[in-house]
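An overview of the molecular structure
So you can see what is in the structure, the chains are spelled out below.
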Amino acid sequence: MNQVDRMRLTVLVEDLKNRPELTAKHGLSFFIELKSAGNTTNLLMDTGPSADIVLQNALKLNIALKKVDSIVLSHGHYDHTSGLLGVLKYIGKKVPVIAHPDALEPKFAVRKKRLKKAGIPFQVSELGKSSGILTLKRGPTSKAPGIWVSGEIKRASPFEKVKGFKTVRRGKLVKDYMPDDQALFVVVKGKGLVVVTGCAHAGLINTIKQAQKVTGSSGVYAVIGGFHLAGASAGRINATIEELQNAGVKVVMPCHCTGKKAITKFSKVFGKNCNQLRTGNVVTF
Ligand SMILES: [Zn+2]
Ligand SMILES: [Zn+2]
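One structure accompanies this document, and this report is about it.

Reading guide: rules and limits
Residues numbered from 1 in each chain as written. Chains lettered and ligands numbered in written order. Predicted model: local features only at pLDDT ≥ 70, side-chain atom pairs only at ≥ 80, totals over all residues. Heavy atoms only, no water. Donors = N, O, S within 2.8 Å, 3.2 Å for Na, K, Ca; no water. Buried < 20%, exposed > 50% of the residue type's maximum accessible area, 1.4 Å probe, protein only. Helix = DSSP H or I, 4+ residues; strand = E, 2+ residues; numbered from the N terminus.

**Some remarks on the coordination of the zinc ion (ligand 2)**
Perfect tetrahedral coordination of a metal by four donors corresponds to 109.5 degrees between them, and perfect octahedral coordination by six donors corresponds to 90 or 180 degrees. Only D79 (OD), H80 (NE2), C199 (SG) and H256 (NE2) from the protein coordinate the zinc ion (ligand 2), and they sit 2.1 to 2.4 Å from it. Summarised as a motif, the one-chain spacing of the donors to the zinc ion (ligand 2) is D-H-x118-C-x56-H. Taking relative accessible area as the criterion, D79 reaches 5% and is therefore assigned buried. Its relative accessible area of 3% is what places C199 among the buried residues.

Given below as structure tokens:
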């Protein structure tokens, strides 16, 4: 069967924390353990804003990072990739690093009409010298039965526009539509489809539609991660919620770049099935 028996996700770092002994910082890293029929797949989705934070929090949370089978980069922004080299050094064994090729391109954020560097803060050649096996893919990849990395996400939803990012193409500064943005899809036995996003720059609803297409599973049980709705209009937030309801989403677990305004609305609509995640939270399905 194309599903896993159990899923356990630990928030190694995000912008806020729920325990004083942990460190929170703007960024994201999830450790995800997937069990099926005696097999365990351990994925590290993103490596946060610094390796030290990820490694120290993992130690305090009893997460055996050395057991990571693959590292998945949701996109090329620094708050998701800065810890990569340090984490690989700590893991100390060959491990695939799965990313979209555009994650390695120069990336900038436009803040108050100024450009701020926002991409991976090291040279790709340094990654070549590490134990990471860089695996660049544009299409979806299945890691094990019931587990997929989304690949490039089709943009179809009219209200999900990417704004505020630039990249360099053929020597020119151009708009960055973030084609590198990808998510993780897991089908959990007895629950259904679980969608884990990094920042959902591609749009949360576009990501869900991709998940349904790639996995062939229409019932969406949960969406977890950064939904990139901080600064979004009320119209976009409402349209997102309406589409989540149309997709039959039962559980929403926002964090990171989702924004207070959106989380407040999610809570009103989903009630106790909306849980904001913070550094140190563990989710099991
Ligand atoms: Zn981002
Ligand atoms: Zn982010």
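**Observations regarding unusual backbone geometry**
The phi dihedral of A37 is positive, around 40°, even though this residue is not glycine. In this structure A37 comes out as exposed when scored by relative accessible area, which is 69%. Its identity as a non-glycine residue notwithstanding, H256 has a phi of 50°, on the positive side. Of note, H256 is situated in the loop between strand 16 (251–255) and helix 7 (260–270). Assessed through its relative accessible area of 10%, H256 is described here as buried.

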